[in-house]
Amino acid sequence: MLNSKFVLDKLIEKFGESVFGYEEQFDMMAIYGDKELNLKMLQFLYDDEDLAFRFMTDLTAIHYPNNKGEELVVTYLLYNMPKNFHIRLKFALDINKPDIYTASKLHATANWLERECYDFYGVNFVGHPNLIRVMNVDEMDYFPMRKEFPLEDQTRTDKDDEMFGRGGHFNFGKFSV
Amino acid sequence: MAEVKQNIKLPKDSLEKTTQTINLGPTHPATHGVFQNILEIDGERIMQATPTVGYIHRAFEKIAERKPLYQVTPLTDRLNYCSAPINNIGWHLTVEKFVGIDIPARAQYLRVIIMELARISDHLICNSILGVDSGAFTGFLYIFQYRELIYEIYEEICGSRLTTNIGRIGGFERDFSETAWAKINKFLDEFPRVLKEFEDLFNRNRIFIERTQGVGGISAERALAYGFTGPNLRAAGVDYDVRVQKPYCRYEEFDFKVPVGTTGDCYDRYLVRNEEMWQSISLIKQAIQKIGELKGEEATKYHADAPDFYLPLKKDVYTKMEALIYHFKIIMGEVDIPAGELYNAVEGANGELGYYFISDGGRSAYRLHFRRPCFIYYQAYPELVEGSMLSDAILTMSSLNLIAGELDA
C-alpha cells in the first residue's frame, strides 16, 4: 500500500539532499524539492513501478512576496490512480529568475496549466512548446495574480487590506493608530 | 489522424496555399459558448486546430483572495453554470473540511439530492444539444421541460435558478419545503419515462450513430495523459469517479454503478452520460429513503452547528445578543480562518472539480485555485478533431461538454 512515508523515503533515497522538506496536511503530503530537479523528480515518480504517479491532477503557482529569493512556488498535484493516492510537489523559484523545466512532454495536461501559470505568475517553463498567455490578452505586460497587484482600484482610499485580516492600515484621520 | 488527400496539385515550392484558414467562433452559434478555434481546413477536412480561450475570463481566483469565504460561493456558480449547485456544494465541503465542521446526516443527503439533480440537468443539456448539433431537435425540446422542472426545484430551495448560490457553509439556509419535496417527487415520477423516450429516440438511431460513432475518439492512455476526468474519461474506459475514489457527502453509503465506455468517442460519451442520469435518479431515491430512515434530532437537522460560518436565524439576530454578534461577524467577513492548505475535489458534471485552498490565517483565502475539468481537457481538442470533418468538430466540441464559464474561470 502506498503511503506518504514510503513516497518520501523513495524520493530521499533517489535525490538525497535535493529533497528539502515536507509537510503533511489533511492526509496529503507536500514535498519541497530543488527546482533544478523538478522534471527528474516527476519522471522518477512517473517511471517507478511502486510509485507510478502517472496522472497530473493539477499544477499551479503561488506567490509569497515576503520569502526573498523564493517568492514563487510552483506546485504539482500528482495522482496514482490505481492506488488512489495523491501527492503534492512544491518547487520554490526566485521571482527575478523564475525558470523551471516544463513537464509538458511527460504530462500532456501540463501544457495549458503551465501556460496559465506563466500567464498569471510569470513562471518561465523552460522548453515549453508554446509558452504564451492563455487567458489574458497577449499585449499584457504584467502578471496579474502576483500579490503586488491588489484587486481594488489603487486610487480608492476607503478600502484597506486590514479589513481582510492582513497588511495595511486604515486611515481614521486624526484617530489613526 | 487520418491521411489527408490533397486534391489540387500545385507546382513545387508554390507560394499558394492549398488550405483555408477559418475562424470557428468566438461567437458562432454552434459552439455554445465563447470559444474560438482557428481551423486550417482542406476542403471540409481539418488539418490543424488552434483553440483560443479566455474570452470571458473574470479573474475569480484573484477576486476570491479578497472575499470572505461565504462570498466565494457566488463566484463558483459562474464556473460550470449548467450545474452550479455542484460547484457551490463542492466549495462548502472544502471549507467545512478545512475548518473541521461536522455536517449532520440529513444535510449530507439533501446535498446528494441537489448535486444529483444538477448532474442530471447538466447531462440533459449536453446530450440533448448533441442531438441538436447532429440534426435532431425533437429530443432537446421534449427533455428540456425536465431541466425546467429541476430549475424550479432549485428555485423552491434557494430562490434562484441558474446561478443558484445554493446552501451555506454548514448546510442549507432552510429546510426543503413541502412544495420542493412535491416537485422532487414529481420529477422522480415523470422523468424516467421521458428519459427512456429520449433514449429510444437516440440510442439506436441510425443517423445519430453514424454521426457520432468513431467521431472525436480518444484512447484511455491519451485521455489520462491529457488529464481527462468525469464522463469523458469514463467513456474512454477508465472507471475513475471522485464519488467512489474519495467519497464525500456520504457517497460511500450509496449503491451506484460507474458506467464506462470503450472507445471514448462522441457516442460513448453520450451513452455514459445517459447511464449516469439513470444512476443519479437511483441515488436521489436512495437519499430520500435514507432521510426517511433518520430518527430523532438527526431527522430534522439541515445544517451544522457552526456559528462562525453559518448565519443564525433572523429572528434570533433581532432578539439575541450572541446571534447578532455572529451575524455581524459573518457578514462583515471578520472570521479568522486557520492557516493551512487543502485540496478537495468533488465529481462535477464534467469531471473532477477541485478546490486548492491556501490560507495564511487571514480572513479570506491566500490563494484559491480551481481545478476546472473543462480547461484541462479542452487542450486535447486539436488532437481529437485533426483529420476529421468540420461538422464532426462541432459534434466533438458539443459532446465534450465544454462550458465557457468554467473554461475561462
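The present account deals with the structure reproduced in this document.

Conventions and cut-offs
- Residues numbered from 1 in each chain as written.
- Chains lettered and ligands numbered in written order.
- Predicted model: local features only at pLDDT ≥ 70, side-chain atom pairs only at ≥ 80, totals over all residues.
- Helix = DSSP H or I, 4+ residues; strand = E, 2+ residues; numbered from the N terminus.
- Buried ≥ 20, exposed ≤ 12 C-beta atoms within 10 Å, placed from the backbone.
- Contact = placed C-beta atoms within 7 Å.
- Pairing = 2+ DSSP bridges.
- Core = buried A, V, L, I, M, F, W, Y, C linked by C-beta atoms within 7 Å.

**With respect to the overall build of chain B**
Per the secondary structure count, chain B includes 17 helices and six strands. Taken along the three principal axes of its C-alpha coordinates, chain B extends 85 × 45 × 30 Å. Burial statistics for chain B: of 409 residues in total, 50% are counted as buried. Within chain B, counting contacts between residues at least 6 apart in sequence, those at least 24 apart form 71% of the total.

**Overview of the pairing of strand β4 (residues 72-80) of chain A**
Residues and elements named next belong to chain A. Of all nine residues making up β4, eight are buried, and the element is well covered by its neighbours. One ladder, built from eight bridges, connects strand β3 (residues 55-63) with β4; its direction is antiparallel. Counterpart to H63 in the pairing with β4 is L72. Pairing of β4 with strand β5 (residues 85-93), which is carried by nine bridges, proceeds in the antiparallel orientation. Looking across to β5, one finds that V74 is bridged to F91. Between β4 and the antiparallel strand that follows it, β5, lie four residues; N84 among them carries a positive phi value of about 55 degrees.

**A short note on the interface of chain A and chain B**
Interface size is commonly expressed as the accessible surface area that is lost when the partners come together. Taken together, the 27 residues of chain A in the interface contact 34 residues of chain B. If one sorts the elements of the side of chain A that touches chain B by residue count, β3 of chain A sits on top with six residues.

**Focus: the environment of W112 of chain A**
Here W112 of chain A lies in helix α3 (residues 110-121). For the pair formed by W112 of chain A and F44 of chain A, sequence separation is 68 residues and the distance between their alpha carbons is 22 Å. Once you skip the residues sitting within four places of it in the chain, W112 of chain A turns out to touch V134 of chain A together with F375 and Q379 of chain B.

**Observations regarding the nonpolar core**
Core analysis: the largest hydrophobic core is formed by 156 residues, its most contacted members being V74, L78, C117 and V123 of chain A together with I113 of chain B. With 14 residues, helix α4 (residues 105-133) of chain B is the single largest residue contributor to this core. For I113 of chain B, the residues in contact, after removing those within four places along its chain, are I184, I284, A287 and I288 of chain B.

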